[in-house]
Each structure stands twice: as structure tokens, then as C-alpha cells.
Amino acid sequence: MAPKKHIPIIQLPGSKSISNRLLMIKFIGNLKFNIENLSDSDDTKLLINALHDIHSGKSEIHIGDAGTNMRFLCAYLTCLENKTFVLTGSERMKERPIKELVDSLISIGADISYVEKNGYPPIKIVGKALNASQISMKANVSSQYISAILLSSPLLKNTNQIELDGDVVSSSYIKMTIELMRLFGKNVSWTNDIIEIKPGLYKSDRQSIYNESDWSAASYFYNALALGDLEKVELTGLLKNSVQADSKIVDLYKTFGINSDFQTNQIKVSKINKKVDHFEFDFTDCPDIAQTLSVTCLGLGITANLTGLMTLKIKETDRIVALKNELEKFGAIVEITPTSLHIKGYDPISKNADILVNTYNDHRMAMSFAPLKFIYSNMVIENKDVVSKSFPKFWKEFSKLS
């Protein structure tokens with residue numbers, strides 16, 4: 001009898017997106033529930049520290065390079081009457097635009113000014129009562145702007161409607177925000193281009209809430225299964241009916257012969273042989289997994305059209321340009337636009353080539369390219385510790401696949 005093959009069990013981190021929304025709801029509502037499986041990411045730690053600083057009465061709030069925190073706290077701090085703050089971050093954060101959110105808040109009476117460069121952090125905020133009944137927001141820039149207003153809506157005393165202007169990007173993240181708000185007593189509905197918000201504070205008598213593991217973190221192991229020799233892996237803490245957009249990887253990786261078997265709070269992921277010549281998908285609702293899928297296509301040597309990438313240019317780096325630069329090191333022939341990436345073909349290179357993958361201080365670049373190590377043994381990823389932004393234990397878990 002052949003020995004039973006070892007199946008690696010990967011301990012995934014808690015969802016960063018859900019964690020940060022729950023922390024905002026808990027803080028704004030002065031609620032006491034415990035968050036089980038809270039993310040241990042740098043971004044979540046930075047938010048916890050920032051909320052502590054606000055509670056302690058500090059006037060300068062530093063959020064590092066956490067874009068979500070900048071947007072969520074911008075909306076929140078405008079509602080704290082008669083208090084003045086400077087909201088700032090890293091040098092990269094000072095290059096990431098916040099003008100659309102600031103303009104929307106100013107339109108309903110917020111007192112916000114730019115400390116250095118117009119349209120970018122740091123910003124000075126003088127909190128005051130905001131009483132407009134409706135707020136209009138551009139929907140095609142960042143869903144986090146809309147989620148920021150939604151999360152702080154209990155403090156916007158008379159604002160009962162958000163009007164969305166244009167095509168919505170990453171709508172699933174707005175839906176996530178709304179679902180979590182509903183869990184804590186807020187009556188919110190979304191029809192077409194109008195989000196209705198009924199008056200009322202957050203409330204709950206629950207003692208704890210379970211935070212699902214992070215689906216974007218799971219994507220790197222789907223990628224590894226597609227590119228490596230491993231046949232099966234178990235991923236912890238994931239739910240079948242997830243509010244996370246990145247759970248779309250279950251369907252996307254079926255294209256590459258990767259099957260997902262849901263069990264209690266975990267998934268057994270396995271692969272079958274399946275030939276694929278081309279891949280294309282619109283990532284408008286789930287842009288965070290575009291890097292992972294582009295690397296899967298590279299590793300399998302197939303052509304691809306990745307569209308709906310409009311938000312990638314304002315992330316930790318310009319991810320569209322970064323992907324083009326690094327994919328081309330492996331022989332990919334790549335064309336890009338401001339909203340898309342196309343792998344047109346390949347000029348094959350040696351599997352023994354010495355390749356340095358630059359990460360651009362972007363955690364997702366490091367984790368997305370990691371599985372190529374199974375194909376290109378001499379590949380090196382620079383600044384590997386950047387993964388701590390979302391998945392501090394990534395390399396420990398990834399080593400289980402060796």
C-alpha cells in the first residue's frame with residue numbers, strides 16, 4: 001500500500017477588509033464585542049493604533065501606508081465636533097489621491113484643508129456637525145470613499161441618502177460594508193444609484209463575531225497549486241457564502257483545473273489536469289486578485305486579457321505598470337492601458353535564469369510572484385518582508401508547500 005500523501009494545512013489570516021470595517025463600527029458605536037480571528041496585518045495594527053490615538057486625544061494621526069485607514073478616518077474625523085486633527089501617512093500615502101472623498105465631504109459642510117499638496121494627504125480636519133440630507137459621490141474612483149461615508153453615517157445626523165455618480169467600481173466592497181452595518185442595527189438599502197440610510201446608531205448585544213479568513217490571501221495558494229507539483233492543500237477559516245469579492249477565485253481557478261471542496265470553516269483545494277490556452281476576466285469587482293491571476297497565466301504560458309483594473313493605479317504602487325515590468329522579465333509580451341493588462345505571447349527564457357522580482361513596496365507583488373519559484377528556481381523576490389502589510393506569516397505558510 002502506497003503511503004498517504006501529506007496535505008499541507010495553511011493557516012490563513014483574518015480578512016483585513018472585514019477586520020477594519022468591524023473595528024470602525026465598534027469604535028463609532030462604542031460597542032464591546034470581541035472580534036475572533038482579527039487580522040494581524042500591518043494595516044489593521046495601524047488602524048488600532050490610530051483609533052487609540054484618537055481616543056487618547058492626540059491631534060496628529062499617522063496611518064503609515066494604509067489607504068483604507070486614510071479614507072475611513074477622513075470621513076470619521078470630520079464628524080467629531082470642535083476637534084482638530086492632522087491626518088497623515090507615509091511618503092507613498094502622500095502620493096495617493098483623496099480629493100474625491102474630501103470634495104464630497106466639503107459639499108456637505110466639512111472643514112478640510114490640505115497641509116502640503118492639493119488633493120493629497122496630509123489633511124487638516126476641523127470636526128463639525130454635518131447636516132446635509134444627501135451626499136453625491138463619484139462611484140468610478142474608489143469604493144473605499146463610499147464605504148468611508150457609510151461607516152460614519154450614524155454621526156451624519158441628517159444624511160439619509162448617498163447618490164452615486166457613474167459606474168461603480170468594486171461594488172462588492174460596498175455591499176460588504178452594508179452587510180456589516182446591518183449586522184449592527186443600521187437600516188441601509190441600495191437600489192440603482194441611490195443608497196438609503198435610515199437614522200440610528202450602531203447597536204448590538206452580541207459578545208463576539210467571527211471574522212472570516214482572507215480570500216485574497218487564499219488566492220496565492222490557489223496560484224501555487226496551479227503552478228507547482230502539489231496536488232492538494234487545505235485552507236483554514238473560509239466560508240462558502242462569503243461577503244468578500246475575492247472568493248471569486250473559486251470559480252476563476254476552475255478554469256485552470258483547481259477544485260474547491262468546502263467543509264466546516266475550511267476548504268480542501270485540489271487540482272486535475274486541464275489544458276487552458278487563454279484567460280480573460282473583468283476584475284472591476286475584485287481588483288486585488290488581478291496580480292495573482294496574471295502570474296498564474298504567466299506560469300502556465302497562456303495569453304490573457306485582464307480588464308477592469310482602473311483602481312490599480314492608486315494602490316500601494318501603480319500595479320498595472322509594476323505587473324508589466326515584472327512579467328516581462330519572464331519573457332511575457334505585455335501591453336497595458338490605464339484600465340487593462342494583456343499578455344499577448346511569450347519569448348521563452350531559461351528556467352534557470354537569474355531573475356530579481358521587484359515588489360515596489362507592494363505586498364501583493366511579493367505574494368503573487370512567489371509561486372513562480374516552483375518553475376524558476378533561481379528567482380529572487382526583493383523586500384520579502386513587505387508581505388506584513390496584509391499577511392505577516394505568509395512565508396512561513398508558503399514554506400509548507402516545499
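Residues numbered from 1 in each chain as written. Predicted model: local features only at pLDDT ≥ 70, side-chain atom pairs only at ≥ 80, totals over all residues. Heavy atoms only, no water.

What's the story with the overall build of the protein in this structure? I'm lost.
Secondary structure summary: the protein contains 12 helices and 20 strands in total. Against the compact-globule benchmark of 21 Å for 402 residues, the protein has a radius of gyration of 22 Å, which places it among compact chains. Over its C-alpha atoms, taken along the principal directions, the protein stretches across nearly 70 × 45 × 40 Å. A separation threshold of at least 6 residues defines the contact pool for the protein, and within that pool the share at least 24 residues apart is 72%. Entry remark: accessible area of the protein is about 16,800 Å², with carbon and sulfur atoms responsible for 47%. One finds the centroid of the 47 positive side-chain charges in the protein at a distance of 4 Å from the centroid of its 45 negative side-chain charges. (Helix = DSSP H or I, 4+ residues; strand = E, 2+ residues; numbered from the N terminus. Rg over C-alpha atoms; globule rule 2.2 N^0.38 Å. Contact = heavy atoms within 4.5 Å. Areas by Shrake-Rupley, 256 points an atom, 1.4 Å probe, with all protein chains shown as cover. Lys, Arg positive; Asp, Glu negative; His and termini not counted. Charge placed at Lys NZ, Arg CZ, Asp CG, Glu CD.)

What am I meant to see in the sheet that holds strand β14 (residues 266-271) here?
Strand pairing in a sheet takes place through backbone hydrogen bonds and is either antiparallel or parallel in direction. One open sheet holds the 4 strands; their spatial order is β1-β12-β14-β13, and the pairing between them is mixed. Here the strands that pair on one side only, and so sit at the sheet edges, are β1 (9-10) and β13 (258-263). Where strand β12 (residues 232-236) and β14 come together, 5 bridges link them in antiparallel fashion. Bridging across to β14, K232 finds its partner in S270. Packed on one face of the sheet, helix α7 (residues 215-227) meets β1, β12, β13 and β14 and runs near 25° to β14. (Pairing = 2+ DSSP bridges. Axes fitted to C-alpha atoms, helices over the stretch in contact; angles between N-to-C directions.)

Explain empty space enclosed by the protein to me, please; I cannot follow it from the model alone.
Vacant regions in the atomic arrangement are exposed by a probe of water-molecule size rolled over the atoms. By the definition in use, this model includes 2 cavities of 30 Å³ or more. Here the second largest cavity is characterised by a volume of approximately 40 Å³. In terms of lining, the second largest cavity is formed by G67, M70, R71, M93, R96, P97 and I98. A breakdown of the residues in the lining of the second largest cavity according to their chemical character gives 4 nonpolar, 1 polar and 2 charged. (1 Å grid on protein atoms, 1.4 Å probe; cavity = no way out; pocket = protein on both sides within 12 Å on 5 of 7 lines; lining within 4 Å. Points joined across faces, edges and corners; volume = space filled by probe spheres on them. Nonpolar A, V, L, I, M, F, W, Y, C, P; charged D, E, K, R; others polar.)

Looking at this structure, I do not really get the nonpolar core. What am I missing?
Soluble globular proteins tend to pack their nonpolar side chains together in the buried interior. Core analysis: the biggest nonpolar cluster contains 128 residues, and L73, Y222, F279 and F283 have the highest contact counts within it. With 10 residues, α7 is the largest single contributor of residues to this core. For L73, the residues in contact, after removing those within four places along its chain, are M24, L47, A50, L51, I54, I61, I63 and L87. (Core = buried A, V, L, I, M, F, W, Y, C linked by side-chain atoms within 4.5 Å. Buried < 20%, exposed > 50% of the residue type's maximum accessible area, 1.4 Å probe, protein only.)

Help me understand the packing of aromatic side chains in this model?
Geometrically, a pair of aromatic rings is defined through the distance of the ring centres and the angle of the planes. Enumeration according to the criterion identifies 18 aromatic pairs in this entry. Relative to W395, the ring of F394 has its centre 4.8 Å away and its plane inclined at 75°; by these criteria the two rings are edge-to-face. Its relative accessible area of 0% is what places F394 among the buried residues. Taking relative accessible area as the criterion, W395 reaches 22% and is therefore assigned partly exposed. (Phe/Tyr/Trp six-rings, centres within 6.5 Å; stacked < 30°, edge-to-face > 60°.)

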